Amino acid sequence: GKAKPLGEVSVDLAARWAAQPDAGPDGRGVAEWLKLDALEGQQGAGEVEVKILLTAGTGDAQADAAKAADSARWFVDDQEPEQGEPNVLHVAVVRARGLKAADKSLMGTSSSDPFVTLQFGDKKEKTEVVKKSLAPIWMKMVELPVPVTKEKKPLPSLDVLVEDHDTLSSDFLGKVTISPASIPTLEADGAAPPTWFPLCNKDGSPAADRGQIQLALKMVYDPQYDPSEDRPFFTEEVSETDKPPNELRIAIARARDLKAMDAAVPFSSKGKTSDPYVKVKLEGFSDKKTKTRMKTLAPVWNDSSFTFDLVAGQKGTSTESQPKEVELEVMDYDLVGSDDFLGLVVLKLDELLEAKHKPVSKWYPLGEKTQRSGGDGSRGSLQVIAQWRYNKDLDFEPFSAEDDVPDREPNEVRVALFRGRGLAIKDKNLLSKGGTSDPRVRFELLGGQFSDDKNERKKQEKERHFK
């Protein structure tokens, strides 16, 4: 579909140059948050984190880009492997040199339009295409998480493929395979040294005429991709209570062995993958979704958790009206057409009672749409952390104290305003469906009115007396 603008920001480069901005420890600028200006019809637009680096140029764009590549310090700020077992490969595709000319020219100089494809396990990333260059400069950084499998396996090698872009097909320019053991040692400040790797022939044999590619590689630990099944969620201390649970918390950690629904190359049977996300469904609440993880059969979310206030969601005042199960539907995102079904998990809330308000972490086999009691694992598995607990902040008992003078005639009416649900939408979204409201409540008694506004209530108390 057509992209929708979310906001914009303008940066005065002349003012920045006059202020001599800091180049940062890696030589690529200092990260900063810039506030986006709302576009017409929007209420707010949020912020974006960027790095802006200004340097004195020579007028030669290629020479300036080469100078920037020479001075860059790659991944200085990234977490060190000692903080946890490395689970992400950071790659900087810096540049190449001495590439073969795949596009022959009868009138001018022959050249190529090179781009790079990186593959690490089932994860693929591509650089942009550099037009008409045998010494392209990309300066492209990517994150490639370690694949999650049932059993711990050796780290895969990194496959680097350089091709010449053409409209109908791409021409092979060279490739190199880098094993984890051959990743260069980090520099003293933790930076990944840019290293030249010779490109090989299609069969992996050495080639003297295919040129070289410069890469910076660093294995790091990132909690977002933590492969440990014991990664903590919902770590607050759980107190013993006889109160019934009133809050459901669901965390989606990861999945593995999912079905491949998308071919990496159209009309090809090779390299199939999926773009999975998880939809969380609970009766009485709107559906919630995780982020989509692109081109992977072993996605890691680890940052996706959802909280459901069951008191607000139940249909009546009795806890018997609370939902009895939650559906977790794994889907494959498609840009065109409807999304593809990958598998279903149904969690029975009663089973969580045995944990006595504590979180439960478990791998659940995915089943078919009709298999509400669990699958056989042929569609893969989903790791979920679920907690059905009592949250005292949701427990509202405004009139629990006894009346001090029960034998006197009542002369006061108390009304406790707790919450609302299913209210009408009065403020509709301009660029999307739905909307919200800004609700307030007024009370009326015996012809008089009370308001939730403090100033108005004080005025009413002076003017009116109720008997």
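None of the values given here were measured: they were computed from a predicted structure.

Asker: Teacher, can you tell me more about the overall build of the chain here?
Answerer: The helix and strand tally for the chain stands at five helices and 22 strands. Buried positions account for 34% of the 467 residues belonging to the chain. Sequence-distant contacts in the chain: of pairs separated by 6 or more residues, those separated by 24 or more amount to 61%. Accessible surface for the chain amounts to roughly 28900 Å². Of this, 50% is attributable to carbon and sulfur atoms.

Asker: How should empty space enclosed by the protein be read in this particular structure?
Answerer: If you roll a probe as big as a water molecule over the atoms, it shows you where there is empty space left. Here the structure, examined in full by the defined rule, presents two cavities of 30 Å³ or more. Size it by volume and the largest cavity reaches roughly 40 Å³. Lining the largest cavity, in full, are L89, F120, L155, P156, S157, L158, I178, S179, P180, I183 and M219. Here the lining of the largest cavity is built from residues that sort into nine nonpolar, two polar and no charged.

Asker: Quick question: what am I supposed to make of the environment of D37 here?
Answerer: Inspection of the secondary structure puts D37 in the loop between strand 1 (32-35) and strand 2 (47-50). Overall, the relative accessible area of 45% leaves D37 in the partly exposed class. Sequence separation between D37 and V9 is 28 residues, and the spatial gap between their C-alpha atoms is 5.7 Å.

Asker: Explanation requested: the nonpolar core in the structure shown.
Answerer: The biggest cluster of nonpolar side chains holds 26 residues, and the ones touching the most others in it are L248, I250, I252, V326, L328, L347 and L382. Excluding anything up to four places from it in sequence, I252 contacts V278, T290, W301, N302, S304, F306, L328, L382, Q383 and V384. In this structure, V162, V176, F197 and M219 belong to the second largest nonpolar core, which totals 25 residues.

Asker: Honestly, the confidence of the model for the chain in this entry has me stumped. Any pointers?
Answerer: Do not read the fine detail of predicted coordinates wherever pLDDT is low. Per-residue confidence for the chain averages 81 on the pLDDT scale, and 82% of its residues sit at or above 70. Overall, residues 265-270 carries pLDDT values under 50, and its contacts beyond four positions in sequence, including any with other chains, amount to two contacts. Counted against residues more than four places away or in other chains, residues 314-318, with its pLDDT under 50, gives nine contacts.

Asker: Would you mind going over the pattern of salt bridges with me for this structure?
Answerer: A pair can form between side chains of opposite charge whenever their charged atoms are brought close. Per the counting criterion, the structure on display carries 10 salt bridges. Of the charged contacts, one joins K123 and E125 as a salt bridge, the two residues approaching to 3.9 Å between their closest N and O atoms. For K123, a relative accessible area of 15% puts it in the buried group. Taking the relative accessible area as the measure of exposure, E125 reaches 25% and is therefore partly exposed. For R379, the salt bridge identified is with E368, shortest N-O distance 3.1 Å. Taken as a pair, R379 in the loop between strand 17 (360-365) and strand 18 (381-389) and E368 in the loop between strand 17 and strand 18 lie far apart in primary sequence, 11 residues in all.

Asker: Quick question: what am I supposed to make of the environment of V129 here?
Answerer: Relative to the helices and strands, V129 resides in the loop between strand 5 (123-126) and strand 6 (137-145). Between the C-alpha atom of V129 and that of D164, which follows or precedes it by 35 residues, the distance is 8.4 Å. Non-local contacts of V129, meaning those with residues more than four positions away in its chain, are made with D113, P114, F115 and H165.

Asker: When you look at the sheet that holds strand 4 (residues 114-120) in this model, what are you seeing that I'm missing?
Answerer: For sheets, the rule is that strands pair by backbone hydrogen bonds, running either parallel or antiparallel. Taken in spatial order, the four strands make up an open sheet running 5-4-7-8, and their pairing is antiparallel. Either end of the sheet is taken by a strand with one partner, and the two such strands are strand 5 and strand 8 (170-178). Strand-to-strand twist across the sheet, computed as the mean angle between neighbouring axes with direction ignored, equals 20°.

Cut-offs and rules
- Residues numbered from 1 in each chain as written.
- Predicted model: local features only at pLDDT ≥ 70, side-chain atom pairs only at ≥ 80, totals over all residues.
- Heavy atoms only, no water.
- Helix = DSSP H or I, 4+ residues; strand = E, 2+ residues; numbered from the N terminus.
- Buried < 20%, exposed > 50% of the residue type's maximum accessible area, 1.4 Å probe, protein only.
- Contact = heavy atoms within 4.5 Å.
- Areas by Shrake-Rupley, 256 points an atom, 1.4 Å probe, with all protein chains shown as cover.
- 1 Å grid on protein atoms, 1.4 Å probe; cavity = no way out; pocket = protein on both sides within 12 Å on 5 of 7 lines; lining within 4 Å.
- Points joined across faces, edges and corners; volume = space filled by probe spheres on them.
- Nonpolar A, V, L, I, M, F, W, Y, C, P; charged D, E, K, R; others polar.
- Core = buried A, V, L, I, M, F, W, Y, C linked by side-chain atoms within 4.5 Å.
- pLDDT = per-residue confidence, 0-100.
- Salt bridge = Lys/Arg side-chain N within 4 Å of Asp/Glu carboxyl O.
- Pairing = 2+ DSSP bridges.
- Axes fitted to C-alpha atoms, helices over the stretch in contact; angles between N-to-C directions.

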